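The chain contents come next:
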Amino acid sequence: DGGITQSPKYLFRKEGQNVTLSCEQNLNHDAMYWYRQDPGQGLRLIYYSQIVNDFQKGDIAEGYSVSREKKESFPLTVTSAQKNPTAFYLCASSPGLQGRAGETQYFGPGTRLLVL
Amino acid sequence: AQTVTQSQPEMSVQEAETVTLSCTYDTSESDYYLFWYKQPPSRQMILVIRQEAYKQQNATENRFSVNFQKAAKSFSLKISDSQLGDAAMYFCAYRSAWETSYDKVIFGPGTSLSVIP
């Protein structure tokens, strides 16, 4: 089945620790995204990538880093510089610049990050 | 900058009844896409319905339909024959069709829908 997987489902971070959230897609999509969702709120864009080896900051990139070495993978690292990382993190992908159908984003199941 | 507003933080509907969720947006662009996403308690975001602004016909997907009023910048979602599984948070979203803004999806704050048995 084609889709987006995120792991782990739950992640615990200690103070001063960097943690990495995994996002993999087998939809052959060019574009991938990371969002943060706080309780009772909407989604805020952290980083996005439209093509391999390229990515752009979103609205709340401080304290986060990403890489896009492979088309199917877009891991997100939450660094110790992110002072309030407790949130739900959603990864999404879209076909990208492949005609008008490319704009629809499809989401993974999410990762809940908690600080110990 | 574009904005998306959902003025109803919470709504409820009786099972088998019809409910309409409101969404308004602000943009100066003429070509764009609008979406409704559903986020059930599992928190997976699921695409419910999609509308292309250049199409006048309202999109429908089974029990879900939209009322797209481009001049009024309104994009409401109607759920007919509501089912218990429809209980979720619903997000309205906007995406520009212009290549320079292609990457940005603007989400509204969401409406929490409860379905009463």
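Use the structure listed above.
Throughout what follows, the structure given in this document is the object of discussion. (Residues numbered from 1 in each chain as written. Chains lettered and ligands numbered in written order. Predicted model: local features only at pLDDT ≥ 70, side-chain atom pairs only at ≥ 80, totals over all residues. Heavy atoms only, no water.)

Attention shifts here to the overall build of chain B. Scanning chain B for helices and strands turns up 0 helices and 12 strands. Element order for chain B, N to C, with α for helix and β for strand: β-β-β-β-β-β-β-β-β-β-β-β. Relative to the globule expectation of 13 Å for 117 residues, the C-alpha radius of gyration of chain B, 14 Å, shows essentially globular dimensions. Each principal axis of the C-alpha atoms in chain B carries an extent, and together these give about 45 × 25 × 20 Å. (Helix = DSSP H or I, 4+ residues; strand = E, 2+ residues; numbered from the N terminus. Rg over C-alpha atoms; globule rule 2.2 N^0.38 Å.)

To continue, consider the pairing of strand β6 (residues 46–52) of chain B. All names here are of chain B. In this sheet, β6 lies alongside strand β5 (residues 32–39) in antiparallel orientation, the contact comprising 6 bridges. Pairing of Lys38 across the sheet is with Ile46, part of β6. Once β5 ends, the chain turns through 6 residues before running back antiparallel as β6, passing Arg43 with a positive phi of about 75°. (Pairing = 2+ DSSP bridges.)

Once that is clear, we can look at the environment of A:Thr5. Residues and elements named next belong to chain A. Structurally, the position occupied by Thr5 is in strand β1 (residues 4–7). With 99 residues separating them along the chain, Thr5 and Thr104 place their C-alpha atoms 17 Å apart. Beyond its immediate chain neighbours, meaning those up to four positions away, Thr5 contacts Ser22, Cys23, Glu24 and Pro109. (Contact = heavy atoms within 4.5 Å.)

As a further point, take the interface of chain A and chain B. Each partner contributes to the interface: chain A provides 27 residues, whereas chain B provides 24 residues. Buried surface at the junction of chain A and chain B, both sides included, amounts to about 2100 Å², of which 50% is carbon and sulfur. Counting across the chain A and chain B interface gives 0 salt bridges. Residues that form the side of chain A that touches chain B fall into these classes: 12 nonpolar, 11 polar and 4 charged. (Buried area = accessible area lost by both parts, 1.4 Å probe. Salt bridge = Lys/Arg side-chain N within 4 Å of Asp/Glu carboxyl O. Nonpolar A, V, L, I, M, F, W, Y, C, P; charged D, E, K, R; others polar.)

As enumerated under the stated definition, the model contains 15 aromatic pairs over all chains in all. Residues A:Tyr33 and A:Tyr35 carry aromatic rings whose centres are separated by 6.5 Å and whose planes lie at 25° to one another, so their mutual orientation is stacked. By the burial criterion, A:Tyr33 is buried, and A:Tyr35 matches it. Here A:Tyr33 and A:Tyr48 contribute two aromatic rings whose centre-to-centre distance is 6.4 Å and whose plane-to-plane angle is 25°, an arrangement assigned as stacked. Linking A:Tyr33 in strand β4 (residues 31–37) with A:Tyr48 in strand β5 (residues 43–51), this pair joins segments that are 15 residues apart in sequence. A relative accessible area of 1% places A:Tyr33 in the buried class. One aromatic cluster in this structure is built from A:Tyr33, A:Tyr35, A:Tyr48, A:Phe107, B:Phe35, B:Tyr37 and B:Phe107. Over the ring of A:Phe74 we find A:Arg68, and its NZ or CZ is 6.0 Å from the ring centre. (Phe/Tyr/Trp six-rings, centres within 6.5 Å; stacked < 30°, edge-to-face > 60°. Buried < 20%, exposed > 50% of the residue type's maximum accessible area, 1.4 Å probe, protein only. Lys NZ or Arg CZ within 6 Å of the ring centre and 35° of its normal.)

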